[in-house]
Amino acid sequence: MAEPESSKPFPSDVFFILLLIVIASGSLLISISFLEEFIYFADQFTFLFFLTALSISLLFSLLSAYWKYERDETSKKANISLAKAKQFEEQGKGDEKIDKAILLFKKDAQNKNASANKFSNLSATAVKGSLLSIFTGFIFLLVSIWSTPFSNVLTSNMAESEQTEIAAEDAEDVDEDEEEE
């Protein structure tokens, strides 16, 4: 039996998984090294959310690499079982024990191919989860970095106007006190 259709990898799946691992771990290290800048331009919650998203992405990437490895190993074992079944078929047919052995090896190969399909699906899901985590973390970070200056401008304008009103009221109180004297 050849490798099933659903477990065929795309040509550069190892490179893509490695790229996800590098992006997630590199972003984690850079964000930790620029901790003060992140908190200055965004806030602590944004930094923690970003770190969490990248950590989840790294976890998914590592799981994807592991499940890809398991898929490859299981496929190799299935191919070995098929090779043994073919070897027994060449040795001779008609013998009841050989026919049972052939059936057992073919069934074992089918079971291992089904397991390889499961590992392939898990790996693909982990890659999607890793991508989603990276995109979510970076989008949240960008939105927070862009919204923080606008909220600071709005709050500083409100604070300045309140201070101006208080100063005007104080000036009026001083003028009234001077007039009374």
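That block above? That's the structure.
Keep in mind the model is a prediction, meaning the values are calculated, not measured.

Trainee: Would you mind going over the pattern of salt bridges with me for this structure?
Mentor: Oppositely charged side chains may form a pair once their charged atoms are brought near each other. Summed over all chains, the structure comprises six salt bridges. Taking the shortest distance from any N to any O, the salt bridge between Glu73 and Lys76 comes out at 3.7 Å. You can see Glu73 and its partner Lys76 sitting in helix α3 (residues 44-91), three residues apart, about one turn around the helix. Overall, the relative accessible area of 25% leaves Glu73 in the partly exposed class. With a relative accessible area of 49%, Lys76 lands in the partly exposed category. A salt bridge links Glu89 to Lys106, with the shortest nitrogen-to-oxygen separation between them at 3.0 Å. With a gap of 17 residues between them, Glu89 in helix α3 and Lys106 in helix α4 (residues 96-180) connect regions that are remote in the sequence.

Trainee: I would appreciate a short explanation of the nonpolar core in the present structure.
Mentor: Most often, soluble globular proteins have nonpolar side chains that are buried together. Counting residues in hydrophobic clusters, the biggest one holds 14 residues, and the most contacted among them are Leu28, Phe38, Phe50, Leu54 and Leu58. Counting only elements with at least two residues in this core, the list comes to α1 (13-33), α3 and α4. Once you skip the residues sitting within four places of it in the chain, Phe38 turns out to touch Ile30, Ser31, Asp43, Phe47, Phe50 and Leu141.

Trainee: So what exactly am I meant to see when it comes to the side chain of Ser133 here?
Mentor: Turning to its location among the elements, Ser133 is positioned in helix α4. Residue contacts for Ser133: discarding those within four places in its chain leaves Ala53, Ile56, Ser57 and Phe60.

Trainee: Can you walk me through the environment of Ser120 in this structure?
Mentor: Note on placement: Ser120 falls in helix α4. Taking the relative accessible area as the measure of exposure, Ser120 reaches 10% and is therefore buried.

About the thresholds
- Residues numbered from 1 in each chain as written.
- Predicted model: local features only at pLDDT ≥ 70, side-chain atom pairs only at ≥ 80, totals over all residues.
- Heavy atoms only, no water.
- Salt bridge = Lys/Arg side-chain N within 4 Å of Asp/Glu carboxyl O.
- Helix = DSSP H or I, 4+ residues; strand = E, 2+ residues; numbered from the N terminus.
- Buried < 20%, exposed > 50% of the residue type's maximum accessible area, 1.4 Å probe, protein only.
- Core = buried A, V, L, I, M, F, W, Y, C linked by side-chain atoms within 4.5 Å.
- Contact = heavy atoms within 4.5 Å.

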